[in-house]
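The lines below spell out each chain.
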Protein chains: 2
Amino acid sequence: MSVLPRSVACQERRSRLCAVLSTWHRDGVPPTTARERARAELTAEITDLARAQLATVGAAGLSLRAVARELGMASSAMYRYFPSRDDLLTRLILDGYDALGAAAEQADDPTAAPRERWLAVCRAVRAWARAHPHEYALLYGSPVPGYSAPPDTVPAATRVGAALGRVLGDAARAGLLPPADGTPTGLVTAAVAPVLGGDHPVLDDRVRARALLTWSSLFGAVSFELFGHFTGAVADADAFFDDAMRDLAGLVGL
Amino acid sequence: MSVLPRSVACQERRSRLCAVLSTWHRDGVPPTTARERARAELTAEITDLARAQLATVGAAGLSLRAVARELGMASSAMYRYFPSRDDLLTRLILDGYDALGAAAEQADDPTAAPRERWLAVCRAVRAWARAHPHEYALLYGSPVPGYSAPPDTVPAATRVGAALGRVLGDAARAGLLPPADGTPTGLVTAAVAPVLGGDHPVLDDRVRARALLTWSSLFGAVSFELFGHFTGAVADADAFFDDAMRDLAGLVGL
DNA sequence: GGCATCCGAGAGCACTGCTCTTCCGACATC
DNA sequence: GATGTCGGAAGAGCAGTGCTCTCGGATGCC
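Sequence order sets the numbering: in each chain, residues are counted from 1 along the sequence as written. Ligands are numbered from 1 and chains lettered from A, in the order in which they are written. Residue-level local features of this predicted model are given only where pLDDT is at least 70; pairs of side-chain atoms are given and counted only at 80 or more, and the full residue set underlies all totals for whole chains, interfaces and linings. Side-chain descriptors were evaluated using all non-hydrogen atoms of the structure, hydrogens and water having been removed beforehand.

### Some points on the overall build of chain A
Reasoning step 1: Strands here mean DSSP runs of E at least two residues long; helices mean DSSP runs of H or I at least four residues long; both are numbered from the N terminus. Counting secondary structure elements, chain A contains 12 helices and 0 strands.
Reasoning step 2: Seen in sequence order, chain A has helices and strands lined up from the N terminus as α-α-α-α-α-α-α-α-α-α-α-α.
Reasoning step 3: Per-residue accessibility, obtained with a 1.4 Å probe over protein chains only, is compared with the maximum for each type, and a residue is labelled buried under 20%, exposed over 50%, and partly exposed between these values. When burial is assessed residue by residue, chain A has 46% of its 254 residues classed as buried.
Reasoning step 4: The long-range share in chain A, meaning contacts at least 24 apart out of those at least 6 apart in sequence, stands at 68%.
Reasoning step 5: If you sum the accessible surface of chain A, you get close to 12100 Å²; carbon and sulfur atoms cover 57% of it. The contact definition used throughout considers only heavy atoms, calling two residues in contact when any of these lie within 4.5 Å. Using a 1.4 Å probe, accessible areas were evaluated by the Shrake-Rupley method; residue-level cover was limited to the displayed protein chains.

### Concerning the packing of helix 9 (residues 159-173) of chain B against helix 11 (residues 205-226) of chain B
All names here are of chain B.
Reasoning step 1: All axes are obtained by fitting lines to C-alpha atoms, using only the stretch in contact for helices, and the reported angles, taken between N-to-C directions, cover 0 to 180 degrees. For the pair helix 9 and helix 11, the least separation of the axes is 11 Å and the interaxial angle reads 135 degrees. By the angle between their directions, the pair helix 9 and helix 11 is classed as oblique. Judged by the twist between their axes, the crossing of helix 9 over helix 11 is right-handed. Contact residues: helix 9 offers V160, G161, L164 and L168, while helix 11 offers V207, A211, W215, L218 and F219.
Reasoning step 2: Here the term charged refers only to Asp, Glu, Lys and Arg, the term nonpolar to Ala, Val, Leu, Ile, Met, Phe, Trp, Tyr, Cys and Pro, and the term polar to all other amino acids, Gly among them. Classifying every residue of the contact of helix 9 with helix 11 by side-chain character gives 8 nonpolar, 1 polar and no charged. When describing relative orientation, an angle under 35 degrees is termed roughly parallel and one over 145 degrees roughly antiparallel, while 65 to 115 degrees is termed roughly perpendicular and anything else oblique. When the near helix sits turned anticlockwise from the far one by under a right angle, the crossing is termed left-handed; a clockwise turn instead gives a right-handed crossing.

### Digging into helix 7 (residues 133-140) of chain A
Reasoning step 1: Of all the 8 residues making up helix 7 of chain A, 6 are buried; the element is thus mostly covered by neighbouring parts of the structure.
Reasoning step 2: Among all positions in helix 7 of chain A, only E135, Y136, A137, L138, L139 and Y140 of chain A are buried.

### A few points about the packing of aromatic side chains
Reasoning step 1: When two rings of Phe, Tyr or Trp (its six-membered ring) have centres within 6.5 Å they constitute a pair, described as stacked for plane angles under 30 degrees, edge-to-face for angles over 60, and tilted for the intermediate range. With the rule as written, the count across this model stands at 22 aromatic pairs over all chains.
Reasoning step 2: With a centroid separation of 5.8 Å and an interplanar angle of 90 degrees, the aromatic rings of Y97 of chain A and Y140 of chain A are classed as edge-to-face. In this pair, Y97 of chain A sits in helix 5 (residues 85-107) while Y140 of chain A sits in helix 7, placing the two residues 43 residues apart along the sequence. Side by side, Y97 of chain A and Y140 of chain A carry an identical accessibility label, which is buried.
Reasoning step 3: Each member of the aromatic cluster is reached from another via a ring pair, and the members are Y97, Y136, Y140, W215, F219 and F227 of chain A together with F224, F230 and F240 of chain B.
Reasoning step 4: For a ring to carry a charge above it, either NZ of a lysine or CZ of an arginine must fall within 6 Å of the ring centroid while also lying within 35 degrees of the normal to the ring plane. Lying over the aromatic face of Y81 of chain B, R39 of chain B brings its terminal NZ or CZ to 4.8 Å of the ring centre.

### A closer look at the interface of chain A and chain B
Reasoning step 1: In this assembly, 42 residues from chain A lie in contact with 42 residues from chain B.
Reasoning step 2: Both sides together, the interface formed by chain A and chain B hides about 3700 Å², and carbon and sulfur atoms give 66% of it.
Reasoning step 3: Here, a salt bridge means any side-chain nitrogen of Lys or Arg that lies within 4 Å of a carboxyl oxygen of Asp or Glu. Seen at the junction of chain A and chain B, the total is 4 salt bridges.
Reasoning step 4: Notably, a salt bridge pairs D247 of chain B with R210 of chain A, separated by 3.0 Å at the nearest N-O pair.
Reasoning step 5: Broken down by secondary-structure element, the contributors of at least two residues to the side of chain A that touches chain B are helix 7, helix 11 (205-226) and helix 12 (237-251) of chain A.
Reasoning step 6: The element best represented in the side of chain A that touches chain B is helix 11 of chain A, accounting for 12 residues.
Reasoning step 7: Here the residues of the side of chain A that touches chain B are counted per class, giving 28 nonpolar, 9 polar and 5 charged. By definition, the buried area sums, over both parts, the 1.4 Å-probe accessible area that each loses when the two are put together.

### Here's the deal with the environment of Y81 of chain B
Residues and elements named next belong to chain B.
Reasoning step 1: Turning to its location among the elements, Y81 is positioned in the loop between helix 4 (75-78) and helix 5 (85-107).
Reasoning step 2: Y81 sits 35 residues away from I46 along the chain, and the two C-alpha atoms are 8.7 Å apart.
Reasoning step 3: For Y81, the contacting residues outside a window of four places in its chain are R39, L42, T43, I46 and M73.

### Structural notes on the side chain of E225 of chain B
All names here are of chain B.
Reasoning step 1: Note on placement: E225 falls in helix 11.
Reasoning step 2: Polar contacts, as used here, are pairs of N or O atoms within 3.5 Å; protein pairs need one atom able to donate a hydrogen and one able to accept it. Residues neighboring in sequence count only if both atoms are side-chain atoms. Engagement of the side chain of E225 in a polar contact is seen with the side chain of R126, the distance being 2.8 Å.
Reasoning step 3: Setting aside its immediate chain neighbours within four residues, E225 contacts R126, R130, F230 and A237.

### Regarding the relation of the copies chain A and chain B
Reasoning step 1: Fitting of the copies onto one another was done by least squares over C-alpha atoms, counting residues only where both copies have pLDDT of at least 70. For the pair chain A and chain B, the superposition axis carries a translation of 0.0 Å, the fit reaches an RMSD of 0.0 Å, and the rotation angle comes to 180 degrees. These values place the two chain copies in the arrangement generated by a two-fold rotation axis.
Reasoning step 2: Interface overlap between copies: 100% of the residues of chain A at the interface are likewise at the interface in chain B, consistent with a symmetric, same-surface contact.

### What about the environment of T111 of chain B?
Reasoning step 1: Positionally, T111 of chain B belongs in the loop between helix 5 and helix 6 (114-131).
Reasoning step 2: By relative accessible area, which is 71% here, T111 of chain B ends up exposed.

### Here's the deal with the nonpolar core
Reasoning step 1: The term nonpolar core refers to a set of buried residues drawn from Ala, Val, Leu, Ile, Met, Phe, Trp, Tyr and Cys, joined through side-chain atoms within 4.5 Å. L218 and F219 of chain A together with L218 and F219 of chain B are the most contacted members of the largest nonpolar core, which totals 146 residues.
Reasoning step 2: When sequence neighbours within four positions are dropped, the list of residues in contact with L218 of chain A reads C122, V125, V160, L164, F241, M245 and L248 of chain A.

### Side note on the confidence of the model for chain A
Reasoning step 1: pLDDT measures how confident the predictor is about each residue, on a scale from 0 to 100. With 84% of its residues at a pLDDT of 70 or more, chain A shows a mean pLDDT of 86.
Reasoning step 2: Taken as a whole, residues 1-31 of chain A scores under 50 in pLDDT and shows 24 contacts with residues more than four places along the chain or in a different chain.

### Points about the side chain of R126 of chain B
Reasoning step 1: Within the secondary structure, R126 of chain B sits in helix 6.
Reasoning step 2: Those residues in contact with R126 of chain B, other than ones at most four positions away along the chain, are V222, E225, A237, D238 and F241 of chain B.

### What to know about the packing of helix 12 of chain A against helix 11 of chain B
Reasoning step 1: Across the interface, helix 12 of chain A lies against helix 11 of chain B with an axial gap of 10 Å and an inter-helix angle of 80 degrees. Compared by their axis directions, helix 12 of chain A and helix 11 of chain B come out roughly perpendicular. Across the interface between the two elements, F240, D243, A244, D247 and L248 of chain A from helix 12 of chain A touch R206, A209, R210, L212 and L213 of chain B from helix 11 of chain B.
Reasoning step 2: In terms of residue class, the contact of helix 12 of chain A with helix 11 of chain B is made up of 6 nonpolar, no polar and 4 charged.

Now the structure itself:
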């Protein structure tokens, strides 16, 4: 029952891809080869379908065979595009960080008051998390396989932190932050300075450490809400979150 | 190759259990029947082995068949004790909450100063998490299957929060907390009052909301450290954590 | 001793990730 | 234009999973 439709689907896919290939080839403007573009298209199709499946069954239930089935191709063919299931997940993680980071950045209005900007970014993170709970869990829940935090996710993962840092830095440069003694504490690395508001005498180690704390606290609060640790304790989730984020803003001096 | 040893192991298990049964029966003090106690013993053996496996391969890799194999029994026999793999995990979750809660409670010295008590509890949580990363991930990471937060885990899950709340309540009763206006905000439910320090005029809705925030922030910080979100940003993890927890203590007025 | 009960084994189903071999068809070369 | 190369897909297959069902035997209770 499953052999025939699969072959048919395969044929269709084949001819369609070939058509695409010829078209592109006839156009004569391939910055990359036609084959590569076809490959990229199928890769995108796979990730899109995988993301859809992720949204319904979660990371643990994401099945390479199921995507292949829904795509009308053999499961073995998937391995031409993703060496393993974990690589597919890594791709989804990267996309997730990017989407979340974009949401946070888009919510930031540089002309608004720092405290409002801070709150807006936090709200955007929470909203995105509630809209994509499984993706959020993939990003900030337990590391999935035998876990292997891929190092290339770091830049994408820091976008939210950078958005918060930008608010902090702008506030510092506007003279809206309380004075700091500036003595180095050695708690944070030098690498965080650029993403955490840049250089400014008011942004000393203490402030940066607190910024890191509030950053993790934001996700702590979102995770607790999403994973059900707040159920029965918080009455008005929206108001509680706003209140909490304002408290955190106060912690860094905003 | 696998049939013979399994049968042998089964025989051994059988006779050993029977011996236990007769012994208990001869003692004549079975509050529960002898069979039930044997059953309880095997159940404990299963959970112990499962916990050991969880510690090595993580929740995602925990395999009922592997536990059965290591125990020398057929995988199908496991289902006499746990209806499903998720039930086994639920059991481990419960045990994990209990262990973590016990660690937090044990670290609390009621005679010490509130700020020190607070810090001690937080440190205990972090230490337990670092010592049992996979169990911690099971508790505070992504809800595992299609997720199904079992409601009977709630009392066990609140033990850490209750420990922090006790510190807060004792400080309030000792007059060590700043005054509060006491106007209800409606952010938190009435159910949290008992576990968050009890009743005291100084413990108003605002303080309780902040207590919930710091509670989630504690786990946010621990999760970020454990799941690698702090790598490259925090230089001295121990000192950073202590500093962060003191900041959080300040947030609730300690 | 007989009976009911429980418990474990084994086979089997449907599913998973992943590998290997085979084969087809588009592309580039002669 | 025929030819060979090579990427890509299929299919079979392996080892493993959770879970169900049936069956036989040992056990505890009357």
